[in-house]
Number of protein chains: 6
Amino acid sequence: MFINLINPNTSVSMTDCIHQAAKSTSSPQTQLRACHPSEGVASIEGYLDELVAATGVIEQVIEGEKVGCQAHILACFGDPGLDAAREVANVPVIGIAEAAMHTASLLGHKFSIVTTLSRTLPMSEHLVHKYGMTAHCGGVSAVEIAVLELHNPESDAYQRILMACQAAIKDEQADAIVLGCAGMADLTRRLQNALGIPVIDGVSAAVGMAEMLIRCGLTTGKRHAYAAPLLKTYSGWAGNLLNRA
Amino acid sequence: MFINLINPNTSVSMTDCIHQAAKSTSSPQTQLRACHPSEGVASIEGYLDELVAATGVIEQVIEGEKVGCQAHILACFGDPGLDAAREVANVPVIGIAEAAMHTASLLGHKFSIVTTLSRTLPMSEHLVHKYGMTAHCGGVSAVEIAVLELHNPESDAYQRILMACQAAIKDEQADAIVLGCAGMADLTRRLQNALGIPVIDGVSAAVGMAEMLIRCGLTTGKRHAYAAPLLKTYSGWAGNLLNRA
Amino acid sequence: MFINLINPNTSVSMTDCIHQAAKSTSSPQTQLRACHPSEGVASIEGYLDELVAATGVIEQVIEGEKVGCQAHILACFGDPGLDAAREVANVPVIGIAEAAMHTASLLGHKFSIVTTLSRTLPMSEHLVHKYGMTAHCGGVSAVEIAVLELHNPESDAYQRILMACQAAIKDEQADAIVLGCAGMADLTRRLQNALGIPVIDGVSAAVGMAEMLIRCGLTTGKRHAYAAPLLKTYSGWAGNLLNRA
Amino acid sequence: MFINLINPNTSVSMTDCIHQAAKSTSSPQTQLRACHPSEGVASIEGYLDELVAATGVIEQVIEGEKVGCQAHILACFGDPGLDAAREVANVPVIGIAEAAMHTASLLGHKFSIVTTLSRTLPMSEHLVHKYGMTAHCGGVSAVEIAVLELHNPESDAYQRILMACQAAIKDEQADAIVLGCAGMADLTRRLQNALGIPVIDGVSAAVGMAEMLIRCGLTTGKRHAYAAPLLKTYSGWAGNLLNRA
Amino acid sequence: MFINLINPNTSVSMTDCIHQAAKSTSSPQTQLRACHPSEGVASIEGYLDELVAATGVIEQVIEGEKVGCQAHILACFGDPGLDAAREVANVPVIGIAEAAMHTASLLGHKFSIVTTLSRTLPMSEHLVHKYGMTAHCGGVSAVEIAVLELHNPESDAYQRILMACQAAIKDEQADAIVLGCAGMADLTRRLQNALGIPVIDGVSAAVGMAEMLIRCGLTTGKRHAYAAPLLKTYSGWAGNLLNRA
Amino acid sequence: MFINLINPNTSVSMTDCIHQAAKSTSSPQTQLRACHPSEGVASIEGYLDELVAATGVIEQVIEGEKVGCQAHILACFGDPGLDAAREVANVPVIGIAEAAMHTASLLGHKFSIVTTLSRTLPMSEHLVHKYGMTAHCGGVSAVEIAVLELHNPESDAYQRILMACQAAIKDEQADAIVLGCAGMADLTRRLQNALGIPVIDGVSAAVGMAEMLIRCGLTTGKRHAYAAPLLKTYSGWAGNLLNRA
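Remember, predicted model here, so these are calculated numbers, not experimental data. (Residues numbered from 1 in each chain as written. Chains lettered and ligands numbered in written order. Predicted model: local features only at pLDDT ≥ 70, side-chain atom pairs only at ≥ 80, totals over all residues. Heavy atoms only, no water.)

1. A look at the side chain of Glu 87 of chain B
Then comes step 1: Examined against the element boundaries, Glu 87 of chain B turns out to sit in helix α3 (residues 82-88).
Then comes step 2: According to the relative accessible area criterion, Glu 87 of chain B is buried, its value standing at 2%.
Then comes step 3: Every residue in contact with Glu 87 of chain B, bar those within four places of it in the chain, is listed here: Gly 46, Tyr 47, Leu 48 and Arg 119 of chain A together with Lys 222, Tyr 226, Ala 227, Ala 228 and Pro 229 of chain B. (Helix = DSSP H or I, 4+ residues; strand = E, 2+ residues; numbered from the N terminus. Buried < 20%, exposed > 50% of the residue type's maximum accessible area, 1.4 Å probe, protein only. Contact = heavy atoms within 4.5 Å.)

So, in structure tokens, the structure goes:
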């Protein structure tokens, strides 16, 4: 199985972190194409960043299909460009937010999401509703650490995430924790051991779901919502990307 | 009042159609900047088109702010790039889908949406939910005419839209009709006269709402969801657009 | 444009306050008929008060139509008698609660409502649901000041409302504030300046929306939910009002 | 037990029909005060009629309390004035629509409502949502017979209601039927026998629920939503009614 | 009227407590068959307990039908086995949780549930959703007293329940309290007197609703969801119970 | 990976069918324990059947844990006993209905469920709501073939299921089909090839999800909703099963 693991931002270290998380839980049969857009923005912390990243996601979906990937994973918790990617791709596309939330709903009555900056809370809440998880999500909270600071020891990321998880367990009766940023993937096991409840990294969950879809011979339905784009002439960045595709 | 009327696609004739609709109902005090992106796609009929258009919307929001516009209108029924535009802009931003739906909810118990191609139905349904109109929307139907064919006499657009509206009145108890494409704006009065119930063109509705916001001194709240983007370096099309802004 | 601005209670000072708010933001083309019922109750703070006020609203809708008003505004946050008024009227009818909530949803992800007495909270919550704003309303809170005490300096209304708004911003992530009583209209700008987020007075918002509807040639759909009342004989107060109409 | 059975319209024959329905199923310990407003309208088929009827309901609630009634029943399917009646009354108040819907939800997975004129469908749909029955109500349909025509043999009411019920069983998988007008009460048993599924008349259901509340010593909570009205001076019809009360 | 009052657990003292509650509020015409399963578990505080209890409920439904009971009541707040019991029974079946919630919704805008152990909160929340009470339920809280400890004076049950009710009134604006365990039935009046708002014991409410259904000649609809079980051969405990039935 | 594949009914041929489906898509690293309860009922087509099956599920969960299974799959579309199984088990438990629905939501905007007998439709609809899939499920339809008749050539199962799927694609805009019975698993590929949209067999989906959970080191959260059962003495079938466990 050949899976296209797309980091939607341009940060190399983030791509590596995501790649490590995916490798540690993927099937021995699985080969990963870890990648990020050639251009865009180094971290995604707002609607504009998401829009920029989404265009890079399309670039990497097209690249991945050229080399025979059998599934695409969007490894940013906002699932940027997911609908457009499903429309463009011939193989299944999974966002890590949806993968993490669906997984969490298999493990408990309620899950809580812990994410980076509070300015992204409305994005996560929107996805909770979109994916049907309103009744299963006890809450979303932010530790106020920027994405690129997560791996800076001075950010004290582990401790602050741990405290946010503990508050979610107590105040929101969380049965499971969803980590709301791909950059937190390396903390998953440590947090789970400390908390005693499941902690879900969407990257690993998405890889497992992609393997399941590939093994089952399933891909996106292309008759209605995600029918292939109509043939059109694009100009600007989209022309550069799509007209050659 | 100076309003930035953004056609998110690159079709000049569509920009003209939208401009006419806006002019015919706007206040005498209002000046319109009718525009479209410098690059992109000529019509928007899918998620990829929306993504391409959204990047053009940001371009025109920035241009509009430079020349002192007091509100921005996104004149495509998918409201492409609305959240990112609200984040980027300092003045209010209104999508014509949200304007039309909120207006319709003031005029009846239930409204129905009539749009172009059935491949866009899930987009409209998503907006219905996002804007809280689930209980007020009786249904969304498509006449299967592509956007750029609406003004081709051979498409018989008026008759087919009329029939779809009549079916919505009968089968979905529609008290009002929402036209699901900016390119239908020129048919609004004719349809309303034929149907005997209100027919809402989102362009006109959005202009009126923008005038209201300006008169009331209201703009987007910038403390939480739509706080200004963090200062970052973008590369690619986004760098060209945003780093110079 | 000639707009019927109905204060549903019988307090002259409240009618004046509402009139000032409407005049300060309305279009130069707009003429206002500020009025209140000939009989009823001086403030509306419960279901019984609302019922009494609703009958007065119908009286003033009928009066307004006689003199050629092109839209009616119900300037009490409970929108008393809105459905009956839409049924009776030939021109559009807008309640200030719905106007304020729809406006707020254009300006942020979540809005909070600050109102007078906690006994009216269930009324506001009911309207939030009815208008589809459940996911957009972060909460409703009361400052425990009676309507007619708002303008009594001893009530310290501004300070208490300000504190309630600050709590809503912090605890409910409010991007915008909706003032839950027409009698708070004169505090709008002062609160907005102090808070740094949009503060919405429903009276101004409703006037702007009414202007929009009039310019667009839109009125209530009269085919289903709001078809004109059947011809009947009424007795009592209703006979006095309706049989002569 | 002494129950105030209020027909909100002024039709004597309707009061008799309701009285018969209530007597046939009430407990031997129960005494009924069948009444209607002294003034108002002879049938309720719209929002204006409901408003008129609601003021008459308050009159009869006050009269019923004076003579010691232990519960009030509002015997019109729109439950007109229910919230105001709960606020005014010291003993419990039950609307027949809520009684019928709650009862139906005890008897099946889904119920369907069959009512009189389609112009009242939005009212019933609103109550379905208000009472939390959205997921349990398969649909609401109208037989297009005016309330006062139900007992006119030429209206063929039984046959047309029967056919609407049969359609609901087939198309909406109705496990139970709710009759959407107090004037249909006399057809309940005949319809139930013909259909083979439960047919619920809200009058009988409400009487039984009122008996239950009385036996359990339960009445409306008066601390928040339904706290007694504040002491105010009313003028007009409300003054005549309330100032003397 | 002959009502089958089923305590789903095997605790004799609980059966007595339930019997007392039912007798104190039932109609003089009503005869009660108080019973519990011949085998099972002494208290129900989890999903496994519920499953065990549900099989005992079926046993007692069958026994009750044999001796001519006209309605069945499941006197455990989780309503264990309710759907299966409705399928098996020929007469109506009411769970005390549904009876209590429907009753509470007649008495206020919002009710709160106070129950035993927090491990059962998700069960109660699930029932709140299933019965359509999401908007009417202000919250569910637990006093952390096991079911069989409620009547142990050392558990201080009354005081702790009282405090939880007071918190619900203050923090959740509860207009009414629903007691979330049949074993609390004996505290109902005392709590109601202390709190000054209605306190609902589901056992009494269910008996009154059963009396209503019997008087109205209503039973479960048996055409769709609750059609009688298909004739099958069961083995194991089910064979012992059902093949002989 | 060692997965406990539980057929909740006692039909050996069904266990074989499920086993084949699971083997055909599982990972080479996976070993399956295909089993069914020692006692119960041969097919599950109602609430009583589900209750009987649920007790057998618990038996097999306990057996599976004894031999070291790392996940349990409940291979009946009603997911009978899922909550109790999660409470009892130490390793994750997945129902095939939830697995199929979550999978379908990754592949399209809307899915439709095609199941056996219409008497089970309310069960499927309940699960749709419980799993948060209300907005993603276009509808549930039944082919009126009993479970044990699916493999009888005279039932014409393939043709009738195919037609139901085609109707769902046309009438409900299904992007994907969920097969609503484990006994349909052998038709999955043939249907998918004929329909041109994804067809999801919950057995295969659940196995893939179980593999994902095992690889990620995730299991049910045991702090709140699914905390281990309290230590109690059970009698009857439960005593035989649980006291020895």
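2. Observations regarding the sheet that holds strand β5 (residues 111-115) of chain A
Residue and element names in this part refer to chain A.
Then comes step 1: Read across the sheet, four strands follow the order β6-β5-β7-β8 without closing on themselves; strand pairing throughout is parallel. Bordering the open sheet on either side are β6 (137-142) and β8 (199-200), each of which pairs with just one other strand.
Then comes step 2: Pairing geometry for strand β7 (residues 176-179) and β8, over two bridges, is parallel. Paired with Ile 177 across the two strands is Val 199, which belongs to β8.
Then comes step 3: The sheet contacts of helix α4 (residues 96-105) involve β5, β7 and β8, and relative to β5 the element is tilted by about 150°.
Then comes step 4: Relative to β5, helix α6 (residues 157-171) is tilted by about 155°, and along the sheet it contacts β5, β6 and β7. (Pairing = 2+ DSSP bridges. Axes fitted to C-alpha atoms, helices over the stretch in contact; angles between N-to-C directions.)

3. So, the interface of chain A and chain F
Then comes step 1: With 52 residues of chain A at the contact, the number on the chain F side is 52 residues.
Then comes step 2: Buried surface at the junction of chain A and chain F, summed over both partners, amounts to about 3,900 Å²; 61% is from carbon and sulfur atoms.
Then comes step 3: Among the residues of chain A in contact with chain F, Leu 106, Leu 107 and Arg 215 of chain A are the three that bury the most area, contributing 17% of the side total.
Then comes step 4: At the junction of chain A with chain F, the criterion picks out two salt bridges.
Then comes step 5: Measuring nitrogen to oxygen at the nearest pair gives 3.8 Å for the salt bridge that ties Arg 215 of chain A to Glu 211 of chain F.
Then comes step 6: Between the two partners, chain A and chain F, sit 23 residue pairs in polar contact (both at pLDDT 80 or more).
Then comes step 7: Breaking the side of chain A that touches chain F down by element, the ones donating at least two residues are β4 (93-95), α4, α7 (188-195), β8 and α8 (202-216) of chain A.
Then comes step 8: Ranked by residues supplied to the side of chain A that touches chain F, first place goes to α8 of chain A with nine residues.
Then comes step 9: Looking at the side of chain A that touches chain F residue by residue, the classes come out as 23 nonpolar, 21 polar and eight charged. (Buried area = accessible area lost by both parts, 1.4 Å probe. Salt bridge = Lys/Arg side-chain N within 4 Å of Asp/Glu carboxyl O. Polar contact = N/O pair within 3.5 Å; in protein donor to acceptor, adjacent residues only side chain to side chain. Nonpolar A, V, L, I, M, F, W, Y, C, P; charged D, E, K, R; others polar.)

4. Points about the nonpolar core
Most often, soluble globular proteins have nonpolar side chains that are buried together.
Then comes step 1: Among the nonpolar cores identified, the biggest contains 599 residues, and Ile 161 of chain A, Ile 161 of chain B, Ile 161 of chain C, Ile 161 of chain D, Ile 161 of chain E together with Ile 161 of chain F are the most heavily contacted of them.
Then comes step 2: If we skip the residues at most four places from it in the chain, Ile 161 of chain A touches Val 114, Val 143, Leu 150, Leu 179, Met 184, Leu 187 and Leu 191 of chain A. (Core = buried A, V, L, I, M, F, W, Y, C linked by side-chain atoms within 4.5 Å.)

5. Some details on the sheet that holds strand β7 (residues 176-179) of chain D
Adjacent strands of a sheet form backbone hydrogen bonds with each other and so pair up, either parallel or antiparallel.
All names here are of chain D.
Then comes step 1: Reading across the sheet, the four strands line up as β6-β5-β7-β8 and stay open at both edges, with parallel pairing between neighbours. With one partner strand each, in any of the chains shown, β6 (137-142) and β8 (199-200) form the two edges of the open sheet.
Then comes step 2: Helix-sheet contacts for helix α6 (residues 157-171) involve β5 (111-115), β6 and β7, and the interaxial angle to β5 is about 155°.

6. A closer look at the relation of the copies chain D and chain E
Then comes step 1: By a simple turn and slide, chain D fits onto chain E: the slide is 0.0 Å along the axis, the RMSD is 0.0 Å, and the turn is 180°. The transformation just described matches what one would write down for a two-fold rotation axis. For chain D, the residue whose C-alpha comes nearest the rotation axis is Gly 132 of chain D, separated from it by 2.2 Å.
Then comes step 2: Comparing contact sets, 100% of the residues at the interface of chain D also lie at the interface in chain E, consistent with an isologous, same-surface contact. (Least-squares fit on C-alpha atoms with pLDDT ≥ 70 in both.)

7. Looking at the interface of chain D and chain E
Interface size is often expressed as the accessible area that is lost when the parts come together.
Then comes step 1: Contact with chain D, which involves 52 residues of that partner, is made by 52 residues of chain E.
Then comes step 2: Both sides of the chain D and chain E interface together cover about 3,900 Å² of buried area, and 61% of this is carbon and sulfur.
Then comes step 3: Of all residues in chain D, the largest losses of buried area upon contact with chain E belong to Leu 106, Arg 215 and His 224 of chain D, amounting jointly to 17% of the total for that side.
Then comes step 4: For the pair chain D and chain E, the number of links is two salt bridges.
Then comes step 5: For the interface between chain D and chain E, the tally reads 23 residue pairs in polar contact (both at pLDDT 80 or more).
Then comes step 6: Broken down by secondary-structure element, the contributors of at least two residues to the side of chain D that touches chain E are β4 (93-95), α4 (96-105), α7 (188-195), β8 and α8 (202-216) of chain D.
Then comes step 7: Top contributing element to the side of chain D that touches chain E by residue count: α8 of chain D, with nine residues.
Then comes step 8: Among the residues making up the side of chain D that touches chain E, the classes are represented as 23 nonpolar, 21 polar and eight charged.

8. Topic: the state of the cysteines
Residue and element names in this part refer to chain E.
Then comes step 1: Counted according to the given criterion, the structure contains zero disulfides over all chains.
Then comes step 2: Cys 69 takes part in no disulfide bond, and the closest cysteine sulfur to it belongs to Cys 35, at a distance of 7.6 Å.
Then comes step 3: Judged by its relative accessible area of 4%, Cys 69 falls in the buried class. (Disulfide = S-S within 2.5 Å.)

9. Details of the relation of the copies chain A and chain F
Then comes step 1: Mapping chain A onto chain F is achieved by rotating through 180° and translating by 0.0 Å along the same axis, at an RMSD of 0.0 Å.
Then comes step 2: Most of the interface of chain A is mirrored in chain F, where 100% of its interface residues again form contacts.

10. Looking at the packing of aromatic side chains
Then comes step 1: In this structure the tally under the stated criterion is nine aromatic pairs over all chains.
Then comes step 2: Taken together, a centroid distance of 5.9 Å and an interplanar angle of 25° make the contact between Trp 237 of chain C and Trp 237 of chain D stacked. Highlighted residues: Trp 237 of chain C in helix α9 (residues 237-243) and Trp 237 of chain D in helix α9 (residues 237-243), drawn from two different chains.
Then comes step 3: The class of Trp 237 of chain C is buried, set by a relative accessible area of 14%.
Then comes step 4: Stacked on the ring of Tyr 158 of chain E, the Lys or Arg Arg 190 of chain E has its end atom at 3.5 Å from the ring centre. (Phe/Tyr/Trp six-rings, centres within 6.5 Å; stacked < 30°, edge-to-face > 60°. Lys NZ or Arg CZ within 6 Å of the ring centre and 35° of its normal.)

11. Re unusual backbone geometry
Then comes step 1: Unlike most non-glycine residues, Asp 156 of chain B shows phi in positive territory, near 55°.
Then comes step 2: With respect to the secondary-structure elements, Asp 156 of chain B resides in the loop between β6 (137-142) and α6 (157-171).
Then comes step 3: Asp 156 of chain B sits in the partly exposed class, given a relative accessible area of 41%.
Then comes step 4: The backbone of Gln 173 of chain E sits at a positive phi, close to 55°, despite the residue not being glycine.
Then comes step 5: When you line up the elements, Gln 173 of chain E lands in the loop between α6 (157-171) and β7 (176-179).

12. Digging into the environment of Ser 43 of chain D
Then comes step 1: Note that Ser 43 of chain D resides in the loop between β2 (31-35) and α2 (47-66).
Then comes step 2: By relative accessible area, which is 4% here, Ser 43 of chain D ends up buried.
Then comes step 3: Residues Ser 43 of chain D and Lys 66 of chain D lie 23 residues apart in sequence; the distance between their C-alpha atoms is 26 Å.
Then comes step 4: At a separation of 3.0 Å, a polar atom in the side chain of Ser 43 of chain D contacts the side chain of Lys 232 of chain C.
Then comes step 5: Of note is the side chain of Ser 43 of chain D, whose polar atom sits 3.1 Å from the side chain of Glu 45 of chain D.

13. Quick notes on the pattern of salt bridges
Then comes step 1: On inspection of all chains with the given rule, the structure shows 48 salt bridges over all chains.
Then comes step 2: Between Lys 130 of chain A and Asp 83 of chain A there is a salt bridge, with its nearest N and O atoms 3.0 Å apart. A residue pair is termed long-range when its members are at least 10 positions apart, and Lys 130 of chain A in helix α5 (residues 121-130) and Asp 83 of chain A in helix α3 (residues 82-88) qualify at 47 residues.
Then comes step 3: Looking at Lys 130 of chain A, the relative accessible area reads 24%, which means it is partly exposed.
Then comes step 4: With a shortest N-O distance of 2.5 Å, Arg 86 of chain E and Glu 98 of chain E are connected by a salt bridge. Residue Arg 86 of chain E is located in helix α3 (residues 82-88), and its partner Glu 98 of chain E is located in helix α4 (residues 96-105); the two are separated by twelve residues in the primary sequence.
Then comes step 5: According to the relative accessible area criterion, Glu 98 of chain E is buried, its value standing at 1%.

14. Some points on helix α2 (residues 47-66) of chain F
What sets the pattern is the α-helix's 3.6 residues per turn: residues three or four places apart point alike.
Residues and elements named next belong to chain F.
Then comes step 1: With 20 residues, α2 should reach 28 Å at 1.5 Å per residue; the first-to-last C-alpha distance of 29 Å fits that figure.
Then comes step 2: Counting buried positions over the 20 residues of α2 gives 17, a clear majority of the element.
Then comes step 3: Taken from the residues just after α2, Gly 68 is the one with a positive phi, measuring 90°. (Expected span 1.5 Å × (residues − 1).)

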